[in-house]
Amino acid sequence: QTALRIVPQTQHFAGETAELIDAYAVKIEGIDAAFRQSPVFTGVSLDHEEAVQQLGNFEKNFTDEMQVLEQNAHLCNVFEFPDKITPARDQLVEMQNMVDRMRNVWDVSEDIRCFVTDAKALLWRELDIESLEDGSKSRTKKLGALHKSVKWCDAFKNTGKVLKDFINTIPLIAMLRS
(Lines give C-alpha, C1' and ligand atoms only; values in the text may rest on other atoms or scores of the structure.)
Protein backbone atom coordinates (compact mmCIF):
# COMPACT_ATOMS: atom_id res chain seq x y z
CA GLN A 1 0.00 0.00 0.00
CA THR A 2 2.78 2.42 0.77
CA ALA A 3 4.22 1.85 -2.67
CA LEU A 4 0.85 2.63 -4.23
CA ARG A 5 0.81 6.00 -2.46
CA ILE A 6 4.42 6.85 -3.25
CA VAL A 7 4.51 5.96 -6.96
CA PRO A 8 1.98 8.61 -8.11
CA GLN A 9 3.77 11.33 -6.15
CA THR A 10 7.12 10.24 -7.51
CA GLN A 11 5.74 10.32 -11.04
CA HIS A 12 4.26 13.77 -10.41
CA PHE A 13 7.55 15.20 -9.10
CA ALA A 14 9.49 13.47 -11.88
CA GLY A 15 7.25 15.20 -14.42
CA GLU A 16 7.72 18.57 -12.74
CA THR A 17 11.47 18.02 -12.62
CA ALA A 18 11.56 17.11 -16.30
CA GLU A 19 9.74 20.35 -17.14
CA LEU A 20 12.14 22.28 -14.89
CA ILE A 21 15.13 20.78 -16.69
CA ASP A 22 13.64 21.59 -20.09
CA ALA A 23 13.15 25.21 -19.00
CA TYR A 24 16.69 25.26 -17.61
CA ALA A 25 18.09 24.05 -20.95
CA VAL A 26 16.28 26.92 -22.69
CA LYS A 27 17.75 29.34 -20.12
CA ILE A 28 21.28 28.05 -20.84
CA GLU A 29 20.72 28.51 -24.58
CA GLY A 30 19.70 32.11 -23.91
CA ILE A 31 22.78 32.72 -21.78
CA ASP A 32 24.95 31.27 -24.55
CA ALA A 33 23.32 33.45 -27.21
CA ALA A 34 23.79 36.60 -25.10
CA PHE A 35 27.41 35.62 -24.40
CA ARG A 36 28.23 35.17 -28.09
CA GLN A 37 26.68 38.55 -28.95
CA SER A 38 28.65 40.40 -26.28
CA PRO A 39 31.30 43.02 -27.12
CA VAL A 40 33.97 40.49 -26.16
CA PHE A 41 33.29 38.76 -29.47
CA THR A 42 32.61 41.81 -31.60
CA GLY A 43 35.49 43.87 -30.26
CA VAL A 44 33.31 46.97 -30.48
CA SER A 45 34.40 49.74 -28.08
CA LEU A 46 36.62 47.45 -26.03
CA ASP A 47 40.26 47.52 -25.20
CA HIS A 48 42.26 44.61 -23.84
CA GLU A 49 41.68 45.38 -20.16
CA GLU A 50 37.93 45.80 -20.58
CA ALA A 51 37.69 42.57 -22.56
CA VAL A 52 39.65 40.63 -19.95
CA GLN A 53 37.46 42.11 -17.21
CA GLN A 54 34.27 41.13 -19.04
CA LEU A 55 35.65 37.65 -19.64
CA GLY A 56 36.37 37.38 -15.91
CA ASN A 57 32.76 38.35 -15.19
CA PHE A 58 31.51 35.72 -17.63
CA GLU A 59 33.80 33.14 -16.06
CA LYS A 60 32.42 33.87 -12.59
CA ASN A 61 28.81 33.80 -13.85
CA PHE A 62 29.40 30.49 -15.62
CA THR A 63 31.00 28.99 -12.52
CA ASP A 64 27.97 30.06 -10.47
CA GLU A 65 25.67 28.67 -13.14
CA MET A 66 27.56 25.36 -13.05
CA GLN A 67 26.61 25.02 -9.38
CA VAL A 68 22.95 25.48 -10.28
CA LEU A 69 23.37 22.96 -13.06
CA GLU A 70 24.86 20.41 -10.65
CA GLN A 71 21.85 20.84 -8.34
CA ASN A 72 19.59 20.18 -11.31
CA ALA A 73 21.75 17.21 -12.29
CA HIS A 74 21.22 15.80 -8.81
CA LEU A 75 17.45 16.06 -9.29
CA CYS A 76 17.79 14.30 -12.63
CA ASN A 77 19.70 11.48 -10.96
CA VAL A 78 17.10 11.18 -8.20
CA PHE A 79 14.30 10.79 -10.73
CA GLU A 80 16.38 8.48 -12.92
CA PHE A 81 16.88 10.58 -16.06
CA PRO A 82 20.51 11.70 -15.67
CA ASP A 83 21.00 12.20 -19.42
CA LYS A 84 18.37 14.94 -19.58
CA ILE A 85 20.81 17.53 -18.17
CA THR A 86 23.70 16.51 -20.44
CA PRO A 87 23.00 18.97 -23.31
CA ALA A 88 22.85 21.92 -20.89
CA ARG A 89 26.03 20.74 -19.17
CA ASP A 90 27.84 20.38 -22.49
CA GLN A 91 26.75 23.85 -23.56
CA LEU A 92 27.86 25.42 -20.27
CA VAL A 93 31.23 23.66 -20.40
CA GLU A 94 31.68 24.92 -23.96
CA MET A 95 30.91 28.47 -22.80
CA GLN A 96 33.53 28.11 -20.05
CA ASN A 97 36.04 26.86 -22.63
CA MET A 98 35.13 29.73 -24.92
CA VAL A 99 36.00 32.22 -22.17
CA ASP A 100 39.54 30.80 -22.11
CA ARG A 101 39.77 30.83 -25.90
CA MET A 102 38.56 34.42 -26.11
CA ARG A 103 41.06 35.42 -23.44
CA ASN A 104 43.74 34.00 -25.76
CA VAL A 105 42.29 35.99 -28.68
CA TRP A 106 42.47 39.20 -26.69
CA ASP A 107 46.02 38.44 -25.49
CA VAL A 108 47.19 37.86 -29.06
CA SER A 109 45.27 40.96 -30.19
CA GLU A 110 47.00 43.06 -27.54
CA ASP A 111 50.40 41.65 -28.52
CA ILE A 112 49.78 42.53 -32.18
CA ARG A 113 48.47 45.98 -31.29
CA CYS A 114 51.58 46.71 -29.19
CA PHE A 115 53.88 45.38 -31.93
CA VAL A 116 52.28 47.57 -34.59
CA THR A 117 52.23 50.62 -32.30
CA ASP A 118 55.89 50.14 -31.39
CA ALA A 119 56.80 49.72 -35.06
CA LYS A 120 54.99 52.92 -35.96
CA ALA A 121 56.97 54.78 -33.29
CA LEU A 122 60.35 53.73 -34.69
CA LEU A 123 62.51 56.38 -36.28
CA TRP A 124 63.64 55.83 -39.88
CA ARG A 125 67.25 55.28 -38.85
CA GLU A 126 66.17 52.67 -36.27
CA LEU A 127 64.08 50.63 -38.69
CA ASP A 128 65.13 47.02 -39.13
CA ILE A 129 62.97 45.57 -41.88
CA GLU A 130 64.04 42.01 -41.13
CA SER A 131 62.95 42.25 -37.49
CA LEU A 132 59.62 43.75 -38.58
CA GLU A 133 59.10 40.83 -40.96
CA ASP A 134 60.15 38.26 -38.32
CA GLY A 135 57.91 39.87 -35.70
CA SER A 136 55.00 39.89 -38.13
CA LYS A 137 55.54 36.23 -39.03
CA SER A 138 55.65 35.15 -35.38
CA ARG A 139 52.45 37.04 -34.65
CA THR A 140 50.79 35.55 -37.72
CA LYS A 141 51.64 32.12 -36.31
CA LYS A 142 50.20 33.05 -32.92
CA LEU A 143 47.02 34.27 -34.55
CA GLY A 144 46.75 31.17 -36.70
CA ALA A 145 47.34 28.90 -33.69
CA LEU A 146 44.20 30.14 -31.94
CA HIS A 147 41.39 27.63 -31.61
CA LYS A 148 39.20 27.31 -34.69
CA SER A 149 36.05 27.99 -32.67
CA VAL A 150 37.00 31.68 -32.26
CA LYS A 151 37.88 32.42 -35.87
CA TRP A 152 34.31 33.52 -36.68
CA CYS A 153 34.24 36.40 -34.20
CA ASP A 154 34.94 39.99 -35.17
CA ALA A 155 37.62 40.39 -32.48
CA PHE A 156 39.66 37.70 -34.25
CA LYS A 157 38.91 38.98 -37.75
CA ASN A 158 39.76 42.59 -36.88
CA THR A 159 43.05 41.53 -35.32
CA GLY A 160 43.90 39.56 -38.44
CA LYS A 161 43.08 42.58 -40.60
CA VAL A 162 45.31 44.88 -38.56
CA LEU A 163 48.19 42.43 -38.84
CA LYS A 164 47.63 41.83 -42.55
CA ASP A 165 47.52 45.58 -43.24
CA PHE A 166 50.77 46.03 -41.32
CA ILE A 167 52.46 43.16 -43.18
CA ASN A 168 51.38 44.76 -46.46
CA THR A 169 53.11 48.01 -45.49
CA ILE A 170 56.49 46.43 -44.73
CA PRO A 171 57.59 46.27 -48.41
CA LEU A 172 56.48 49.88 -48.85
CA ILE A 173 58.52 50.92 -45.81
CA ALA A 174 61.52 49.03 -47.17
CA MET A 175 61.23 50.79 -50.55
CA LEU A 176 60.91 54.21 -48.91
CA ARG A 177 63.90 53.54 -46.72
CA SER A 178 66.20 52.57 -49.57
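In short, a report on the structure. As the structure is a computational prediction, the values presented were derived from the model and not from experiment.

For the chain, the count of helices and strands is six helices and zero strands. Shown N-terminal to C-terminal, the secondary structure of the chain runs as helices and strands in the order α-α-α-α-α-α. Once the C-alpha set of the chain is aligned to its principal axes, its extents read approximately 100 × 25 × 15 Å. Residues classed as buried in the chain amount to 33% of the 178 residues present.

Mapping Ser149 onto the fold places it in the loop between helix 5 (129-144) and helix 6 (154-177). Assessed through its relative accessible area of 17%, Ser149 is described here as buried. Aside from chain neighbours lying at most four places away, what touches Ser149 is Met98 and Arg101.

With that out of the way, let us pick up the pattern of salt bridges. Under the defined criterion, the tally for this structure stands at twelve salt bridges. Between Lys27 and Glu65 there is a salt bridge, and its shortest N-O distance comes to 3.4 Å. Highlighted residues: Lys27 in helix 1 (residues 2-36) and Glu65 in helix 3 (residues 48-78), separated in sequence by 38 residues. Under the relative-accessibility criterion, Glu65 is labelled buried at 11%. Overlapping salt bridges bring together Glu59, Asp100 and Arg103 as one network.

Examined against the element boundaries, Pro87 turns out to sit in helix 4 (residues 86-121). The exposure class of Pro87 is exposed, given its relative accessible area of 52%. Residues Pro87 and Ala25, spaced 62 residues apart in sequence, show a C-alpha to C-alpha distance of 7.5 Å.

Turning our attention to helix 6. Under the 1.5 Å per step criterion, the end-to-end length of helix 6 is 34 Å for 24 residues, consistent within 8% with the ideal 34 Å. Largest kink in helix 6: about 25°, centred on Ile170, with the proline Pro171 one to four residues after it. Looking at helix 6, one finds that the buried residues are Ala155, Phe156, Thr159, Leu163, Phe166, Ile170 and Ile173. On the buried face of helix 6, the contacting elements are helix 2 (39-42), helix 4 and helix 5.

With that settled, the discussion passes to a negative patch on the surface. A cluster of acidic residues, Asp128, Glu130, Glu133 and Asp134, forms a negative patch at the surface. Position of Asp134 relative to the elements: it lies in helix 5. For Asp134, a relative accessible area of 44% translates into the label partly exposed.

Mapping Arg101 onto the fold places it in helix 4. Here Arg101 is in contact with Glu94, His147, Ser149 and Val150, once residues within four sequence places are set aside.

When two helices pack together, you describe them by how their axes are tilted relative to each other and by the distance separating the axes. Contact geometry for helix 3 and helix 4: axes closest at 10 Å, N-to-C directions at 165°. As summarised for this structure, helix 3 and helix 4 are arranged roughly antiparallel, according to the angle between their axes. Here helix 3 and helix 4 pass one another in a crossing that is left-handed.

What follows covers the nonpolar core. One finds Phe35, Met102, Trp106 and Leu132 to be the most contacted residues of the largest nonpolar core, which totals 45 residues. Of all the secondary-structure elements, those providing two or more residues to this core are helix 1, helix 2, helix 3, helix 4, helix 5 and helix 6. For this core, the element with the highest residue contribution is helix 4, accounting for 13 residues.

Rules of the game
Residues numbered from 1 in each chain as written. Predicted model: local features only at pLDDT ≥ 70, side-chain atom pairs only at ≥ 80, totals over all residues. Heavy atoms only, no water. Helix = DSSP H or I, 4+ residues; strand = E, 2+ residues; numbered from the N terminus. Buried < 20%, exposed > 50% of the residue type's maximum accessible area, 1.4 Å probe, protein only. Contact = heavy atoms within 4.5 Å. Salt bridge = Lys/Arg side-chain N within 4 Å of Asp/Glu carboxyl O. Expected span 1.5 Å × (residues − 1). Bend = angle between axes of the 7 residues up to and from the residue. Patch = residues over 30% accessible without salt bridge, like charges linked within 9 Å, V, L, I, M, F, W, Y side chains within 5 Å. Areas by Shrake-Rupley, 256 points an atom, 1.4 Å probe, with all protein chains shown as cover. Lys, Arg positive; Asp, Glu negative; His and termini not counted. Charge placed at Lys NZ, Arg CZ, Asp CG, Glu CD. Axes fitted to C-alpha atoms, helices over the stretch in contact; angles between N-to-C directions. Parallel < 35°, antiparallel > 145°, perpendicular 65-115°, else oblique. Left-handed = near helix turned anticlockwise from the far one by under 90°. Core = buried A, V, L, I, M, F, W, Y, C linked by side-chain atoms within 4.5 Å.

Purely geometric stuff here, so don't read any function into it on its own.
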